[in-house]
Protein chains: 2
Amino acid sequence: MTKQQSRTLQTRARLLDAAQEIIGELGYEGLRTQEVVKRAGVAKGTFFAHFPDKDALMEILIAAEMDAFLDQAETAPTPDSIEALMAMIMPLIDFMRCERYVFDVILRHSGAAAKDNIGPIALTFARQDEVFTKLLENAPFRKDISAGLMGEGIQAFAIQALALDFCTINNEMPLEERLSIYLDAWLLPEG
Amino acid sequence: MTKQQSRTLQTRARLLDAAQEIIGELGYEGLRTQEVVKRAGVAKGTFFAHFPDKDALMEILIAAEMDAFLDQAETAPTPDSIEALMAMIMPLIDFMRCERYVFDVILRHSGAAAKDNIGPIALTFARQDEVFTKLLENAPFRKDISAGLMGEGIQAFAIQALALDFCTINNEMPLEERLSIYLDAWLLPEG
DNA sequence: CTCCAAAATTGACCATGGTCATTTTATATG
DNA sequence: CATATAAAATGACCATGGTCAATTTTGGAG
């Protein structure tokens, strides 16, 4: 009963290519499903036969970018200071703040979808945990908590710093400075 | 040139009442603007003459609930332990997780709108900062960082705990337990 | 009281994400 | 090759948030 896969894969690839092309021109927020199917040369319904909804497509594309940053982080040496850690995660953070819409999509899906299946972005966050845990195991930071917990805190503070960075009340301080303060207090407490 | 205010206020109140009524029956996610204007007895356009968009209405209603919790927290005594602190903030957290949609709205607006004006939810978060700062000033927690910074961390960890609680990967641990672990590590470090 | 300008309201209309019964296409089988 | 059948694609259609030119209401000035 296993029938035509090549056609399916081809269509999916065309949709993804078209989406990426549009994002290159108009940014993530500017993407319209109508334009995607038009460029892919398929009908509206075909889009939704391949992706449950528009968010699912966005998740795939955004998670792919985030994963690329994690690939780099994975091969990096153990950070020997907060600065080294910051340098390692800033590329990812910069992507996360490239558009308000991107940050919103990431937020919506970081804690996984409301549905039962786990989306690409939630998987990326899980992978972040792993990567951070491994990196922090031998780093010269506090020793009273596990590397995994340290990693979760870094995630939490990164999101907090990003949220405040998008905020008009609080954006007199640059994101990097704010995040540095958070990470100092979190990873090198003196009390 | 100052003309009719009573009419405006009345209409606005009717819209808000209708919205609250619907939320009582169907929850926040179940609210449709069409149903709001129908119950308020006005036309569709009137809704958008009073609120920039549906999110703005949601913000008002959700921020009002959150503010009520802050009112209580404001009159509470200084927490003398993590448990006491948790007891103080759990009502607010429970509201924030009452619906996935509610949490999403809060997240979207906690870091303020992308626009230049500051929404009610962002103001609530700013007020949270103030309330926490005052409460933590004399609390028996770490002394190496400011009360304000401690408060920001509590916010960050609360959101992280909420996000993971909505997540299918990570919800084998109850929110309260996870948040306790975070706050212990954040407010009472031993390294 | 009449008339005017600003404020408020209206509802037809639009944009866009998403659905689904129907049609087309590919492939396995006799 | 002909046929059956399941996968894939189609596009008219729907739901809902949001817009805006036209209309009605309001309160004050003369």
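Residues numbered from 1 in each chain as written. Chains lettered and ligands numbered in written order. Predicted model: local features only at pLDDT ≥ 70, side-chain atom pairs only at ≥ 80, totals over all residues. Heavy atoms only, no water.

**Student:** Can you tell me about the packing of helix 4 (residues 54-75) of chain A against helix 6 (residues 100-110) of chain A, naming the residues and giving the values?
**Tutor:** Residues and elements named next belong to chain A. Across the interface, helix 4 lies against helix 6 with an axial gap of 10 Å and an inter-helix angle of 100°. As the angle between them shows, helix 4 and helix 6 are arranged roughly perpendicular. From helix 4, Lys54, Asp55, Met58, Glu59, Ile62 and Met66 reach across to helix 6, where they touch Tyr101, Val102, Val105, Ile106, Arg108 and His109. (Axes fitted to C-alpha atoms, helices over the stretch in contact; angles between N-to-C directions. Helix = DSSP H or I, 4+ residues; strand = E, 2+ residues; numbered from the N terminus. Parallel < 35°, antiparallel > 145°, perpendicular 65-115°, else oblique. Contact = heavy atoms within 4.5 Å.)

**Student:** Before we move on, could you go through the protein's contact with DNA strand C and cite the residues and values that matter?
**Tutor:** Close to DNA strand C lie 23 residues; A:Lys54, B:Thr8, B:Thr11, B:Ala43 and B:His50 are nearest. Near-protein atoms of DNA strand C (within 4 Å) split between backbone and bases, with sugar and phosphate holding 73%. One of the side-chain nitrogen or oxygen atoms of A:Lys44 is found 3.1 Å away from a base oxygen of DNA strand C. A total of 5 residues in the surface near DNA strand C trace back to one element, the largest contributor, which is helix 3 (residues 44-50) of chain B. Of the residues belonging to the surface near DNA strand C, the class tally is 6 nonpolar, 9 polar and 8 charged. (Near = heavy atom within 4 Å. Polar contact = N/O pair within 3.5 Å; in protein donor to acceptor, adjacent residues only side chain to side chain. Nonpolar A, V, L, I, M, F, W, Y, C, P; charged D, E, K, R; others polar.)

**Student:** Explain the packing of aromatic side chains residue by residue, including any values.
**Tutor:** Counting across every chain of the model gives 18 aromatic pairs over all chains. Consider the rings of B:Phe157 and B:Trp186, whose centres lie 6.1 Å apart with planes at 55°: the pair is tilted. Taken together, the residues B:Phe157 in helix 8 (residues 147-165) and B:Trp186 in helix 9 (residues 175-187) connect sequence positions 29 residues apart. Of the two residues, B:Phe157 and B:Trp186, both sit in the buried class. Three or more aromatic residues joined by ring pairs form one cluster here, namely A:Phe157, A:Tyr182, A:Trp186, B:Phe157, B:Tyr182 and B:Trp186. Over the ring of A:Phe166 we find A:Arg100, and its NZ or CZ is 5.2 Å from the ring centre. (Phe/Tyr/Trp six-rings, centres within 6.5 Å; stacked < 30°, edge-to-face > 60°. Buried < 20%, exposed > 50% of the residue type's maximum accessible area, 1.4 Å probe, protein only. Lys NZ or Arg CZ within 6 Å of the ring centre and 35° of its normal.)

**Student:** Residues and numbers for the environment of A:Ala56, please.
**Tutor:** Inspection of the secondary structure assignment puts A:Ala56 in helix 4. Remark: the alpha-carbon pair of A:Ala56 and A:Thr168, spanning 112 residues in sequence, is separated by 30 Å.

**Student:** Kindly report on the relation of the copies chain A and chain B, identifying the contributing residues and their values.
**Tutor:** Note on the identical chains: chain A maps onto chain B by a rotation of 180° and an axial translation of 0.1 Å, with an RMSD of 0.1 Å. Each copy turns onto its partner about a two-fold axis. Taking the C-alpha atom as reference, chain A places A:Ala156 closest to the rotation axis, 2.7 Å from it. Of all interface residues in chain A, 100% are interface residues in chain B too; the two copies therefore contact each other through one and the same surface. (Least-squares fit on C-alpha atoms with pLDDT ≥ 70 in both.)

**Student:** Kindly report on helix 2 (residues 33-40) of chain B, identifying the contributing residues and their values.
**Tutor:** Residues and elements named next belong to chain B. Those residues of helix 2 that fall on the buried side of the exposure criterion are Thr33, Val36, Val37 and Ala40. In an axial view of helix 2, the angular spread of the buried residues amounts to 90°, which keeps them on one side of the axis. Projecting away from the buried face of helix 2 at angles above 90 degrees are the exposed residues Gln34 and Lys38. Of the surrounding secondary structure, the elements contacted by the buried residues of helix 2 are helix 1 (6-26), helix 3 and helix 4 (54-75). Looking one or two residues beyond helix 2, the residue adopting positive phi is Gly41, at roughly 75°. (Arc of directions from axis to C-beta.)

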